[in-house]
Amino acid sequence: MPDRLTRRTTPAKTGIVHLGPGAFFRAFQAIYTAEAMAAQGSDWGITAVSLKSPTARDQLDPQGGVYTAVELGPEGRKSQVIESIVRVLVAPEDPAAVVAAMADPGVRIVSLTITEKGYCHDPATGRLNRDHLDIVHDLANPGQPRSAPGMIVAALAARQKAGGKPFTVLTCDNLPSNGKLAKGIVLEFARAVDPALADWIAANVPFPSTMVDRITPATTPADVAALAKAEGYDDPACVMHEPFRQWVIEDDFADGRPAWEAGGAQFVRDVEAHELMKLRCLNGTHSTLAYLGYLAGYQTIAETVADPAYAALCDRLWREEIVPTVPQPEGEDLAAYCAALLARYRNPGIRHRTWQIAMDGSQKLPQRLLGVARARLASGEVPKGVCLAVAGWMRYVGGVDEAGAAIDVRDPLAAELRAASDSADTPEGKVAALLALRQVFDAALAEDAAFRACVTDAYRTLATKGARAAVADYAG
Ligand code: CS2
């Protein structure tokens, strides 16, 4: 058994509390922060907080918070040891300690990678979901929060009470106008607890929006074993990522920030066009490939786009449906951006499972695909490729694959989705029942006759011919 990886430098003082220390955070923001500290020499150490499971803490603690980030490119692998995380807390073990860490006046930024569902919102409207069990709990027990909105509001309440400065809330999740969305959710929560606190937050706390991008598949035991073989040490906290990365941030901070530009982060006034480009061009086709690829029996994105019909599906989707709905972001060439995406998907070093991306579709579809559908319908076009993707998701959440085997559907609405799908026998009935889920589809889209007919047609084709043939039909 090789030795465990250990820390070589003195931990920095904590300047950031980060909620959600998963693989993406470790392959992205923690690296930019390490680079900023190396360039700037100031203290921006990170206290990372797991909202649910102790796994990250159990893996990182024995190695002093350090871990290996492995870049997997077409030309091979490169690894670096990242030392920006200084400690890891597990919220369910001691929620008050998490609030105290965030309330510490030395903390200037609270950042988040908690995935779409961590915001406890209604994906179709972006509003706080007051029926969410964690929100119900946190409104009744504000000192012992379970949810991210509950923790942020408790910590900001402590800051306000102490008469101190607020921290900046920096969301790094794949949601549209993610700063505005987080602000709306936090304010709605705060208003329910203490309207004066909500006013203070509205006036004082910045919530810059960001666009984040780096493909980071979940680490597997085989990855850990390969690292041990290559480097001669054991590191169960290691993360695998592609070479590409892009971080676009609205430059609006309450009390300073690391020099993330040292690692190439772009600071802009308005990040919205970049967000729409990334969410629709990348995440939109990622989800499309995940559902239609999984149904055809493909395990990874690279395997899926190795099938020429699926590469052609992406091309046509970008050209005819997605790009026409994306405003031009400054400094980007949309056609080149999409071409580069296909090369990233083909990266043979990255084994990104279709099943992993298919997770939580009810939370992802609205911003990845449904905005495109709405925009195309408004300009009089029926977005056939997006309808095929939505129908693919509907087949997937039905829970049975094309060979009749069960699909392990992971989604906060999995039970509702399955019940809707099982409530009818015909494609028309199943599609109608799923379109009736208002958490995902707003009434205007669900009742659009052209959209409904197109999704139903696509569903029927998927059910009779299978995903591979349906994709080939569309892609021509
Ligand atoms: C993926 C994203 O899992 C998913 O849903 O689409 O995590 C994707 O890999 C990243 O957004 C890339 O930046």
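Residues numbered from 1 in each chain as written. Predicted model: local features only at pLDDT ≥ 70, side-chain atom pairs only at ≥ 80, totals over all residues. Heavy atoms only, no water.

(A) Structural view of unusual backbone geometry. With phi around 40°, S177 is a residue other than glycine that occupies positive phi space. Relative to the helices and strands, S177 resides in the loop between β8 (168-171) and α7 (178-193). Even without being glycine, D360 reaches a positive phi, approximately 60°. Examined against the element boundaries, D360 turns out to sit in the loop between α14 (354-358) and α15 (361-378). Residue D360 is classed as buried on the basis of its relative accessible area of 6%. (Helix = DSSP H or I, 4+ residues; strand = E, 2+ residues; numbered from the N terminus. Buried < 20%, exposed > 50% of the residue type's maximum accessible area, 1.4 Å probe, protein only.)

(B) Focus on the nonpolar core. Residues L313, Y345, M394, F441 and F451 are the most contacted members of the largest nonpolar core, which totals 85 residues. If one sorts the elements of this core by residue count, helix α16 (residues 384-397) sits on top with 10 residues. Not counting chain neighbours up to four residues away, the residues in contact with F451 comprise L370, A373, L377, C387, L435, F441 and L445. Listed in part, the 41 residues of the second largest apolar core include I114, L175, L197 and W200. (Core = buried A, V, L, I, M, F, W, Y, C linked by side-chain atoms within 4.5 Å. Contact = heavy atoms within 4.5 Å.)

(C) Looking closely at the packing of helix α10 (residues 272-295) against α16. Interaxial distance between α10 and α16 falls to 8 Å at its minimum, and their mutual angle equals 55°. Taken together, α10 and α16 sit at an angle that is classed as oblique. In terms of crossing hand, the pair formed by α10 and α16 is left-handed. Seen from α10, the contacting residues are T288, Y291, L292, Y294 and L295; seen from α16, they are L388, A389, G392, W393, R395 and Y396. (Axes fitted to C-alpha atoms, helices over the stretch in contact; angles between N-to-C directions. Parallel < 35°, antiparallel > 145°, perpendicular 65-115°, else oblique. Left-handed = near helix turned anticlockwise from the far one by under 90°.)

(D) Expanded view of the side chain of T354. Secondary-structure assignment places T354 in helix α14. Among all residues touching T354, those that are not within four sequence positions of it are L289, A290, Y294, Y298, Q299, T300, I301 and T304.

(E) The arrangement of the domain arrangement of the chain in detail. Entries for the chain in the domain assignment read domain 1 (14-268) and domain 2 (272-475). Centre-to-centre separation of domain 1 and domain 2, based on C-alpha positions: 28 Å. With 31 residues of domain 1 at the interface, the matching set in domain 2 holds 31 residues. Carbon and sulfur atoms make up 55% of the area that domain 1 and domain 2 hide from each other, which totals about 2,400 Å². In terms of surface lost to domain 2, no three residues of domain 1 exceed E116, P123 and I215, which account for 23% of the buried area on that side. Put simply, domain 1 and domain 2 have five salt bridges between them. The closest approach of N and O atoms between E242 and R344, which form a salt bridge, is 2.5 Å. There are 11 residue pairs in polar contact (both at pLDDT 80 or more) connecting domain 1 and domain 2. Where the side of domain 1 that touches domain 2 is concerned, the elements lending two or more residues are β4 (67-73), α7, β9 (210-213) and β12 (246-250). When residues in the side of domain 1 that touches domain 2 are grouped by element, the largest group, four residues, is from β9. Of the residues assigned to the side of domain 1 that touches domain 2, the class counts are 14 nonpolar, 10 polar and seven charged. (Domains from an automatic or database assignment. Buried area = accessible area lost by both parts, 1.4 Å probe. Salt bridge = Lys/Arg side-chain N within 4 Å of Asp/Glu carboxyl O. Polar contact = N/O pair within 3.5 Å; in protein donor to acceptor, adjacent residues only side chain to side chain. Nonpolar A, V, L, I, M, F, W, Y, C, P; charged D, E, K, R; others polar.)

(F) Quick peek at the side chain of S111. Turning to its location among the elements, S111 is positioned in strand β7 (residues 109-112). Exposure remark for S111: the relative accessible area of 0% places this residue in the buried category. If near-sequence neighbours (up to four positions away) are discounted, S111 is found in contact with I16, V17, H18, L19, Q29 and L170.

(G) Quick peek at the environment of L437. Positionally, L437 belongs in the loop between α18 (427-435) and α19 (443-446). The class for L437 is buried, based on a relative accessible area of 12%. Separated by 30 residues in the primary sequence, L437 and A467 have C-alpha atoms spaced 24 Å apart.

(H) Looking closely at α10. With 24 residues, α10 ought to run about 34 Å at 1.5 Å a step, and its terminal C-alpha atoms sit 33 Å apart, in line with that. The sharpest bend along α10 comes to roughly 25°, located at N283. For α10, the tally of buried residues reaches 23 of 24 residues, placing the bulk of the element in the interior. (Expected span 1.5 Å × (residues − 1). Bend = angle between axes of the 7 residues up to and from the residue.)

(I) Region of the structure containing the environment of H352. Of note, H352 is situated in the loop between α13 (334-346) and α14. Residues H352 and R4 lie 348 residues apart in sequence; the distance between their C-alpha atoms is 26 Å. Ignoring any residue separated from it by four or fewer positions in sequence, one finds H352 in contact with I215, T216, P217, H286, Q299, T300, I301 and I357.

(J) Highlighting the packing of aromatic side chains. According to the stated counting rule, one finds 11 aromatic pairs in the structure shown. Where W247 meets W260, the ring centres are 4.6 Å apart and the plane angle is 45°; that geometry is what we call tilted. Placement of W247 in strand β12 and of W260 in the loop between β12 and β13 (266-268) is noted, with a sequence separation of 13 residues between them. By relative accessible area, which is 0% here, W247 ends up buried. Judged by centre distance (5.3 Å) and plane angle (65°), the rings of Y291 and Y396 are edge-to-face. Here Y396 lies in helix α16 and Y291 lies in helix α10, a separation of 105 residues in the sequence. For the residue pair Y291 and Y396, the accessibility class agrees, reading buried in each case. Taken together through their ring pairs, the aromatic side chains of F24, F28, Y32, W247, F253 and W260 make up a single cluster. A cation over an aromatic ring shows up here: R245 above the ring of Y32, its NZ or CZ 4.3 Å from the ring centre. The ring of Y474 carries the charged tip of R316 above its face, separated from the ring centre by 4.6 Å. (Phe/Tyr/Trp six-rings, centres within 6.5 Å; stacked < 30°, edge-to-face > 60°. Lys NZ or Arg CZ within 6 Å of the ring centre and 35° of its normal.)

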